[in-house]
Each structure stands twice: as structure tokens, then as C-alpha cells.
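Each chain, written out:
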Amino acid sequence: MASGGGGYRHSSSGAPTRLSTKIDRQNSGAYATPKASAKSRIPASPSTGSGFRRSSSGPLPAQPRASADAGVPGRVRVAVRLRPRNSEELVADADFGDCVELQPELKRLKLRKNNWESETYEFDEVLTEFASQKRVYEVVAKPVVESVMEGYNGTVMAYGQTGTGKTFTLGRLGDEDTAARGIMVRAMEDILADVSLETDTVSVSYMQLYMETIQDLLDPANDNIAIVEDPKTGDVSLPAATLVDIRDQKSFVELLRVGEQHRFAANTKLNTESSRSHAILMVHVRKTVKGRQDMDMSFRGENGHHTSSHSLRPPVIRKSKLVVVDLAGSERIDKSGSEGHTLEEAKSINLSLSALGKCINALAENSPHVPVRDSKLTRLLRDSFGGTARTSLVVTIGPSPRHRGETASTIMFGQRAMKVENMVKLKEEFDYKSLCRRLDIELDKLIAENERQRKYFEDEVERLRVEAQKRIAEAEKSCKIALENEKTTLQQDYRDSIKKLEEKWKVNQQAIEKSRAEQESRKATKSDELLEVRNMLENEKNLRQSSQDEIIDLRNQVQHWKKLEESRGAEIVKLRKLLDTEASQKEKLEEEIAVLKSQLLQLSLEAEETRRSLDRGASGKIFPGLDSLMSQANRNSQLRDQTNGPKPPIAKLFEQVGLQKILSLLESEDADVRVHAVKVVANLAAEEANQEKIVEAGGLTSLLTLLRSSEDETIRRVAAGAIANLAMNETNQEMIMAQGGVSLLSMTASDAEDPQTLRMVAGAIANLCGNDKLQARLRGEGGIKALLGMVKCGHPDVLAQVARGIANFAKCESRAATQGNTMGRSLLIEDGSLPWIVKNANNEAAPIRRHIELALCHLAQHEVNAKEIINEGALWELVRISRDCSREDIRMLAYRTLTSSPTLQAEMRRLRIEC
Ligand code: ADP
Ligand code: MG
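Residues numbered from 1 in each chain as written. Chains lettered and ligands numbered in written order. Predicted model: local features only at pLDDT ≥ 70, side-chain atom pairs only at ≥ 80, totals over all residues. Heavy atoms only, no water.

*Asks:* Just give me the short version of the overall build of the protein chain, but keep the residues and values in it.
*Replies:* Within the protein chain, the regular secondary structure consists of 31 helices and 14 strands. The buried share of the protein chain, reckoned over its 915 residues, is 44%. Summarising the internal contacts of the protein chain: among those between residues at least 6 apart in sequence, 73% fall at separations of at least 24. When the accessible surface of the protein chain is summed, it comes to about 49,900 Å², and 53% of that surface belongs to carbon and sulfur atoms. (Helix = DSSP H or I, 4+ residues; strand = E, 2+ residues; numbered from the N terminus. Buried < 20%, exposed > 50% of the residue type's maximum accessible area, 1.4 Å probe, protein only. Contact = heavy atoms within 4.5 Å. Areas by Shrake-Rupley, 256 points an atom, 1.4 Å probe, with all protein chains shown as cover.)

*Asks:* Give a detailed account of the UniProt feature "binding site: ATP" (unreviewed entry) in the protein chain, specifying residues and quantitative values.
*Replies:* Within this structure's numbering, the places UniProt gives as "binding site: ATP" (unreviewed entry) are Gly160, Gln161, Thr162, Gly163, Thr164, Gly165, Lys166 and Thr167. Structurally, the position occupied by Gly160 is in strand 6 (residues 154-160). By relative accessible area, Gly160 is classed as buried at 0%. Apart from the residues lying within four places of it in its own chain, the contact partners of Gly160 are Lys166, Ala328, Gly329, Ser330, Glu331, Thr396 and Thr410. Within the element layout of this structure, Lys166 appears in helix 5 (residues 166-171). Among residues more than four places away in sequence, those in contact with Lys166 are Ala158, Tyr159, Gly160, Gln161, Gly171, Asp326, Leu327, Ala328, Gly329 and Thr396. (UniProt positions renumbered as here; feature names shortened; annotations may be inferred.)

*Asks:* Help me get a handle on the packing of aromatic side chains, residues and values and all.
*Replies:* Under the defined criterion, the tally for this structure stands at 1 aromatic pair. Summarising the aromatic geometry, the rings of Tyr159 and Phe413 are spaced 3.6 Å apart at their centres and angled 10 degrees between planes, so their arrangement reads as stacked. On the criterion of sequence distance, the pair formed by Tyr159 in strand 6 and Phe413 in helix 10 (residues 404-418) is long-range, its members being 254 residues apart. For the pair Tyr159 and Phe413, a shared accessibility class is recorded, and that class is buried. In this structure, Arg390 packs its charged tip against the face of Tyr152, placed 4.2 Å from the ring centre. (Phe/Tyr/Trp six-rings, centres within 6.5 Å; stacked < 30°, edge-to-face > 60°. Lys NZ or Arg CZ within 6 Å of the ring centre and 35° of its normal.)

*Asks:* Could you give me a rundown of the packing of helix 17 (residues 699-709) against helix 18 (residues 713-726), with the residues and numbers involved?
*Replies:* Two elements in contact, helix 17 and helix 18, have axes whose closest approach is 9 Å; the angle formed by their N-to-C orientations is 145 degrees. Crossing of helix 17 over helix 18 shows left-handed handedness. The segment helix 17 lies against helix 18, with Leu700, Leu703, Leu704, Leu706 and Leu707 engaging Ile715, Arg716, Ala719, Ala720, Ala722, Ile723 and Leu726. In the contact of helix 17 with helix 18, the residues fall into 11 nonpolar, no polar and 1 charged. (Axes fitted to C-alpha atoms, helices over the stretch in contact; angles between N-to-C directions. Left-handed = near helix turned anticlockwise from the far one by under 90°. Nonpolar A, V, L, I, M, F, W, Y, C, P; charged D, E, K, R; others polar.)

*Asks:* I'd like to hear about the nonpolar core, residue by residue, with values.
*Replies:* Ranked by internal contacts, the top residues of the largest apolar core, which has 93 residues, are Met790, Val802, Trp836 and Leu904. Setting aside anything within four residues of it in sequence, one finds Met790 in contact with Ala749, Leu758, Val761, Ala762, Ile765, Val798 and Val802. By size, the runner-up hydrophobic cluster in this structure holds 42 residues, among which are Val80, Ile227, Leu356 and Met412. (Core = buried A, V, L, I, M, F, W, Y, C linked by side-chain atoms within 4.5 Å.)

*Asks:* Requested: an account of the site of ligand 1, with residues and values cited.
*Replies:* If you check the shell around ligand 1, you find Arg81, Arg83, Pro84, Gln161, Thr162, Gly163, Thr164, Gly165, Lys166, Thr167 and Phe168 and nothing else. A distance of 3.1 Å separates an oxygen atom of ligand 1 from a polar backbone atom of Thr167. At a separation of 2.8 Å, an oxygen atom of ligand 1 approaches a polar backbone atom of Phe168. Summarising the interface, the protein chains cover 65% of the accessible area of ligand 1, which totals 550 Å² for the free molecule. Of all the elements, helix 5 adds the most residues to the shell around ligand 1, at 3 residues. Partitioned by chemical class, the residues of the shell around ligand 1 number 2 nonpolar, 6 polar and 3 charged. (Near = heavy atom within 4 Å. Polar contact = N/O pair within 3.5 Å; in protein donor to acceptor, adjacent residues only side chain to side chain.)

*Asks:* Go over the sheet that holds strand 4 (residues 117-122), please, and point to the residues and values.
*Replies:* Spatially, 3 strands are ordered 2-3-4 in an open sheet, and the strand pairing comes out antiparallel. Lying at the two open borders of the sheet, with one neighbouring strand each, are strand 2 (100-103) and strand 4. Sheet twist, expressed as the average angle between the axes of neighbouring strands with direction ignored, equals 25 degrees. In this structure, strand 2 lies alongside strand 3 (residues 108-114), joined through 4 bridges in antiparallel fashion. Bridge pairing in strand 3 links Glu101 to Lys110. Against the sheet, helix 10 contacts strand 2, strand 3 and strand 4, and its axis sits at roughly 145 degrees relative to strand 3. (Pairing = 2+ DSSP bridges.)

*Asks:* An account of the pattern of salt bridges is requested, with residue identities and associated values reported.
*Replies:* By the definition in use, this model includes 45 salt bridges. Across the pair Arg186 and Glu451 runs a salt bridge whose closest N-O atoms are separated by 3.1 Å. With a gap of 265 residues between them, Arg186 in helix 6 (residues 183-194) and Glu451 in helix 11 (residues 434-616) connect regions that are remote in the sequence. Exposure class is identical for Arg186 and Glu451. Each is buried. The residue Glu460 makes a salt bridge to Arg463 at a minimum N-O spacing of 2.5 Å. Pair noted here: Glu460 and Arg463 are both in helix 11, with a separation of 3 residues, about one helical turn. For Glu460, a relative accessible area of 23% translates into the label partly exposed. What emerges from the salt-bridge pattern is a single network uniting Arg181, Arg186, Glu189 and Glu451. (Salt bridge = Lys/Arg side-chain N within 4 Å of Asp/Glu carboxyl O.)

*Asks:* Which residues make up the environment of Gly789, and what values do they have?
*Replies:* Secondary-structure assignment places Gly789 in helix 23 (residues 783-790). Along the chain, Gly789 and Val802 lie 13 residues apart, while their C-alpha atoms are 9.5 Å from each other.

*Asks:* Tell me about the packing of helix 29 (residues 874-884) against helix 31 (residues 902-910), and name the residues and values.
*Replies:* Here helix 29 crosses helix 31 at 90 degrees, and the two axes come no closer than 11 Å. Between helix 29 and helix 31, the crossing angle belongs to the class labelled roughly perpendicular. Each of Leu875, Leu878 and Val879 in helix 29 lies in contact with helix 31, whose residues at this interface are Leu904, Glu907 and Met908. Classifying every residue of the contact of helix 29 with helix 31 by side-chain character gives 5 nonpolar, no polar and 1 charged. (Parallel < 35°, antiparallel > 145°, perpendicular 65-115°, else oblique.)

*Asks:* Account for unusual backbone geometry, naming residues and giving values.
*Replies:* Located in the positive-phi region is Met211, a residue other than glycine, with phi close to 50 degrees. By secondary structure assignment, the location of Met211 is in the loop between strand 7 (201-210) and strand 8 (213-216). With phi around 55 degrees, Arg912 is a residue other than glycine that occupies positive phi space. Since its relative accessible area comes to 76%, Arg912 is described here as exposed.

*Asks:* Got a sec to walk through the state of the cysteines? Specific residues and values, please.
*Replies:* Inspection of the entire model under this criterion finds 0 disulfides. Cys769 provides the cysteine sulfur closest to Cys812, a residue in no disulfide bond, and the two sulfurs are 8.0 Å apart. Note on Cys812: relative accessible area 2%, which makes it buried. (Disulfide = S-S within 2.5 Å.)

*Asks:* For a nonpolar patch on the surface, give the residues involved together with the corresponding values.
*Replies:* The grouping of Val558, Trp561 and Leu564 at the surface amounts to a nonpolar patch, some 290 Å² of accessible area in total. Relative to the assigned elements, Trp561 resides in helix 11. (Patch = residues over 30% accessible without salt bridge, like charges linked within 9 Å, V, L, I, M, F, W, Y side chains within 5 Å.)

*Asks:* Describe the confidence of the model for the protein chain, with residues and values.
*Replies:* Looking at the protein chain as a whole, the pLDDT averages 80, with 78% of positions reaching at least 70. Across residues 1-73 the pLDDT falls below 50, and counting only partners more than four positions away or on other chains, this stretch makes 188 contacts in the model. Confidence drops under a pLDDT of 50 for residues 420-432, and excluding neighbours within four residues, the segment shows 45 contacts in the predicted structure. (pLDDT = per-residue confidence, 0-100.)

*Asks:* Just give me the short version of helix 4 (residues 133-149), but keep the residues and values in it.
*Replies:* The sharpest bend along helix 4 measures roughly 50 degrees and falls at Ala141, with the proline Pro143 sitting one to four residues further on. Counting buried positions along helix 4 gives 13 out of 17 residues, so the element sits mostly inside the fold. At the C-terminal side of helix 4, Gly151 shows a positive phi close to 110 degrees. (Bend = angle between axes of the 7 residues up to and from the residue.)

*Asks:* Run through the side chain of Ser203, naming residues and quoting values.
*Replies:* On the secondary structure map, Ser203 appears in strand 7. When its relative accessible area of 7% is taken as the criterion, Ser203 is described as buried. For Ser203, the contacting residues outside a window of four places in its chain are Leu243, Val244, Asp245, Ile246, Met282, Val283 and His284.

*Asks:* Describe the pairing of strand 13 (residues 316-326), with residues and values.
*Replies:* Counted residue by residue, strand 13 has 9 buried out of 11 residues, so it is predominantly covered. Bridge analysis of strand 6 against strand 13 gives 5 bridges, and the strand direction is parallel. Within strand 13, the residue paired with Thr155 across the bridge is Val323. Pairing of strand 12 (residues 278-289) with strand 13 involves 11 bridges; the strand directions are antiparallel. Residue pairing in the sheet places Val283 in a bridge with Leu322 of strand 13.

Written out as C-alpha cells, the structure is:
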């Protein structure tokens, strides 16, 4: 502060403390909140030290202020409080008016000079004699406490003549009346409500400053505490002072009470009064800052640099202190020596107070030198007065006109402290607001009353609670006693009944003993008898066992005999059956012998008759003879099936009967005759030796006629079979063709229901297919189509014949091609046989497969067919045949065919098939 930069700020203007021109409500107006004032505070240079810690960039929002305000913020806030007349004054000054008149709504105080002249002063707050303690706290101290909770140092001081209410304002404990609590108690309440005891600490030291010596009010022995100032930060501390952690309001009040007692004792010892010393309460708050509200807060750290805000930084601890100073009476300055002290003593007593006044003057006059080091008080307040600290001064005055001079000097001190450059002294009166004043007074009364009532209510609640607890305790007690009584009577009952039961039990026990003894004696006599009976029983048992064994033996024997009998019975049955079959066989053989005998007889008779009629040369009745011949033939065939006997000499028979006659019977009216006749012809035709004769005799024509005209499928089947046999001969084949045999055979096939009919027809056509000369004609008359048409029936015998026919046809075609007969594509292919060929090329029936394999090879040998073979997928079959066919000749034929055809070769190369 020597450099003018101590804890105190300079006033922005060098104006005298009293101004008389005009009132600027905004500048001198209501207590600005610390937030508002901090925002616009003039930044201090770093060299100004501790007083300007965290000064220039507080987190506080801007508040619109007049331009002149730029120099004012942060200034000491000053309130004036008028004490009501005390009992003495009420009497002594009864005829006089107060020396001051307050206009609280205008925040003005009029100091009467005389009856017709007064001077008006403006303060930040004007508190009348009716102002409640609560209101005083709220306007004077609460903003400072709030700023302390935000991390700023703060000071609340009371200045005034002794007896005007400094201690009343600051130090009342309010034991008897809650509403009377002073600023210290209320400040601590607010602080404790705002801290979290887990993370924050609140500690307190309490001292008195007398004659430039600091004494510890919490430890009277500690009576000369040194002030330590940190040269770097300018922080002021009193390391030797007792520091007590405060965790609840009650202990704090207790601490204040103890401090007050110590103060009284110390002053008695020093032979002085409390009013001559300064009482200093220091509250240290260490607060952990949580959450984001401080994120934007960039303030100067202790090194003067900006601490950067970062979401991950460690928790911030804010240290701040609240200093509450109950100053010594202000009258000392002027009345030194009056109490019997030397001038030096008086000077010493008042040094701190006068130094405070000088500092305030220097600041108010914007002097370059502020004598902060002149006293302990100013040194102690260095970091808590002005600058970053919020300071509130309450000046207390009395109403008595007798102390007008003191009151005036107190008011002037307050005015200087405000450093109000635009202080206005008004001449005019402002009485019209008296109504408002009255209401204000009323309000304060009500506030005080409310506080009292609340306290009363809380006390009442507490009282009721205690009473209720008492009653509960009583009820519990009586309940307990009743329970106890109940328990004893029940226990007694229980014991009695147990006793009774025990007696009963004893009686019972004796009875039981008695009966048991009787039983014992009875048992002894019985045991001999029992032994005897037991032996008998044993004997009985043994006897029974042996007889049972015997029974089992006998049963086994019976079982054995039964089995023997059964096996014999089975043998008898077997033998009986054998005998039966032997008998029936014998019977059959005898029957057969009889039949044969009669046949022999009939034959010899017929032979006889025939010879005779031939001898006679007459054409007699032939039918019976033929009939018997046929029946004999049929019977013989039946017999042959059964006995595998030798074939009957049919050739001889027909020689005997005559072929012509047999053929003529084919046209017989009698259906049976026709059937027999055609069968005979078929049998004859099966032998090559007869074939020529049959054809010569017109048998072929007759057979074809039967195909055309007969409605009996058996006849047609047998006829077809005969034609097939005849068709083995090349001449016959031509004849069959010439007589339209192909179309007759096709017709027969399409009408057939029996697969055997189809087999005969297919066999006939297959034979025709093997004739080179007849190829074109055969195909022209639908022979191939007829063949392919028959595959529908699916009978393997039929399919085999069809396959044979196709193979024959293909062979002829290929033969014709090799003989140089130029011809087009195969007629087989033309008639659409290839798909069937491909489909059946791998038929599981060997005869079918072999014929088809051959047919394929023959077709493929002719180059004109190659393209169609490829298209229909027959190439794959050829390749397969060339690889897998079990018959070597066919395999070789397929291989040769594949290798000799350029077209097939090209295709195989394309498909990357090797053969
Ligand atoms: P000082 O500040 O000089 O120590 P005190 O606080 O001791 O003054 O007050 C002196 C007397 O005046 C005390 O009896 C006190 O109760 C009384 N007093 C002070 N101020 C008021 C007030 N505002 N209302 C009622 N009584 C008061
Ligand atoms: Mg006092």
C-alpha cells in the first residue's frame, strides 16, 4: 500500500467527500450486488499485490451502469444504522428532537444543524431505528458473505461511537430472541448452509486488537500474535492464532460466547473496556468447486497467469476469508486522555482506527500513498479491504442531539469510506414519502415478529416431540410390567402342570413295572414247552421237504414221457402224409395210363378208318379225324410240358392227313376248327423242311387272309407267328411283301391286346427288315413306323424283336452304302427311330442292347447320318460302346466307326472327347 496499490482502491475522482450539486441515483444508488460491482472493477496492475488477486476478470455478469460508475465499483459499501433512543435518552432528550432524520426510501440522512438548517447525506443503505436485525444482515453483510462463498475475501466492519450499537449489530448471539441474532451468527448460518462438510472446511479464529497487540480470544495465553504477509501474494495470515474447524452452528455460537468471555476477562485484566479494542472474527472458507459453473471462470492464479479452464483439470479449491471487525469506539480519536490515559496511550489505543481513517482518506482523495503499514489493523485488513474483497461498513449512530458532533464525525467517516464523488447535499425537504417510511417500519416489525413466531413454532414442535417421546416411554414401561406379570403367572401355571404330570407318570411307571414282573415269571414256564414244539415243527418241515423233492422228480419223468409221445405222433403224421402222396401219384399215373391206352386205341381205330377210306378213294369226313388229331396234339403238348417227353410226329400226321386238307380247315365255319388248324400250320411252319410245301400249298396266302379277316386274336397271333417263321426265307419275304403283308402285320399290331401277338408281328417284320431288296418298299408300307409303334407296350420280348428289326434294317442300309449305292439319310432316321435308339442303347436287357448297339454302329458308318447322330446325342452312346461294350466285336466296330467319320471326329475334338 506504500505504492498506493495496497488492498485499497483509489477513488476514481479526487473530489471531496461532500458534494452538493446533484444526486445520481444510479451511481450512489442501492447496494450493488458484489457480482455487479466485480464485473466493472478497474483492473489492478499485477504489482499492486494481494489486494487485487483475481480482480479483473471475475465470472460475474455485466450489469448496466452509468458511465461514471466505471470508477466506482468495488468501493466500500456503507450503510448507516440509527439506534433507537435508550431509556436515558428518552428522559434526558425528551424535549429535543433527534439530531438526525432518516429518509430510508431515498437512502438519505439529514443531519440537523439547527432548527432550520440540515445537511443531507446519501448512503448505500439507510437503516432506521426500527430496522430488524435480519434486514440489516441482508443489506449489509449478505452480499459480502455471498462473495466470500464465491471465493473472494470480504470484510464487514462496524464503526461508530461507543454505545451506538456496533456490537448489537455484529455480535448479538440471539440466545433469548432469535430475531435479535447479529451479523456474525447469521453469516455463519449462511456459510454452513452453502458448504458441503465432506469436501469443504470452515475454520474460525477470533481475536482482539488492543494497543497494537493481537490477542487470541480462543486462547487467552496467546496474547501477542504476529501478522505474516506473503511477499509474493500479499496474503495476510496469523499462523499463531487458534484456528477452530466449525461443523455446526451450535459450536460456533458457543465459540463466540467463549471468545466474548475471554474478551471481558482480558479487558478487566488490562483495566480497560471492550469499547477500546477491536474484535476481529476471521472465517476461513476452503471450498471445492464442482461442476461446470467454474469452467468459464478464468481468473488469475497466484502467479498472476490465467489458469486455463479444462474439463479434465483437478478440482479447484477456493480459499477465501470473511473478516468481521467490531471496531473500537470512534469517539476515542477526539477524546483521547479523557479516560485517564496519557496522550501516547490514547494515540496507541486509537492508532489502528486513525490509521484506518487515514487510509480511507488517502483512497478517497486518490492519494498516491496509502499508509497501510501504519497500524496492525490496516495491515490485517490489507487483503480484505477494497480491491478484490467486498467490504461493507455499517456506521452506527445514536439519535441524541448531545452527541451531534460525534454523530457528524461518524457520518463523515462513512461518507469518506464511500468515496462518493457525487455526494449531494440537498436543501429541499422530501416529506411526502412518510407513508412509505411508515410501511417500511411496519414491514420490519412484521419480519421480526415472524422470526419470533417461527422460533416459537419450532420450540413448540420440539416440546410436543419431547412430550410424545415421554408418553411413548411411559406406555412402553407399563406394557413391559404387564407383560412381566403375565409371564410370571404363566410360568407358575406351567410349573404346576409339569408337577402334576410327573406324579401321574410315576404312578403309571409303577403299574408298568408290576405287570412286567408278572410277565417275566409267566415267560419262564412257557419256554420249555416252546422248545418241544419247535423240535416237532423242525421234523415236520424236513418231512415236507423230502416229499416235495419226490414230487418234482415224478413231474420231470412225466414231462420226459410226454415229449417222447409227441415226437412219435409227429413221425406217424409224416408217414401218413407220405402215404397219401404216394397214393395220389399212383392214382394219377393210373389215370394217365388209362388215357394213353384209350388214345392208343382211338388212334389205331382212326388209322384203320383212314386207311380204309383212302383205300376206298372217297373223300370222307375228315374233321373228326383232324379234331382228334388236334386234341391229341394239344394233349401231347400238355403232356410234354409235364413230362418233357419226346415230340409227337406231327409231320407224319400231316403227311397222313394231307396239307391241303389242313389248310382248308383254316377257312372252316367252326371257330374251334380254325384255331386248331392254324396252330397245326404254325407248328408245321416252325420246321424249315415244311415251309416250302406250306407256301406252295398256298398256306402263306391263307395265313395272310386270316390276319386280314379273323376277329380272334389267338388266330391272328398264331398266324403271325407262322408268317414270321415263313419270313425267314428270302423268296417268302418277297411274297409276303407282294401280298401286302406289311400293312396286314401293322394292322394286326395295332389291334393286338396280347404282347405275344406283338412279338410275332415284330418278329415277322424284323425278318423282312433283313432283306436288302425290300428296304424302300418295307419302309414305304409303314414297316418301320409299325415297328416303332409297338415299343409302346414295353414288353422286353417285343422290344427285342423291334431292336432286331432295326439292326437288320441298319445293316442293310450300311451294306448298300458300302456297295456304292448312293443314297440319302437313313430311312430309319427319317422315320424318327433315333431317339428310341439312343434311349434304349443302354437297355439292361442284353438282347435289346446288343441289337441297338449294332444298329447305332451301322447308322454311324454312313457319313450322311453323322450330323443327326450328333444332334440326337447318339455320339455319346457310340463313345460309351467303344469303351465299355462287353462284346469285343461290337466295341471294335464302334471304335472303327468313330475314328473313320470326319464329322464325328471333329465333334469329338470340339467336345474334347477321346476315344
Ligand atoms: P457499541 O457498538 O458501542 O458497543 P452496543 O452494541 O453495546 O454499542 O449498544 C449499546 C446499547 O444500545 C446496548 O444496550 C444495546 O442493546 C442497545 N442498542 C444498540 N443498538 C440498538 C438497536 N438498534 N435497537 C435497540 N437497542 C440497541
Ligand atoms: Mg461494543
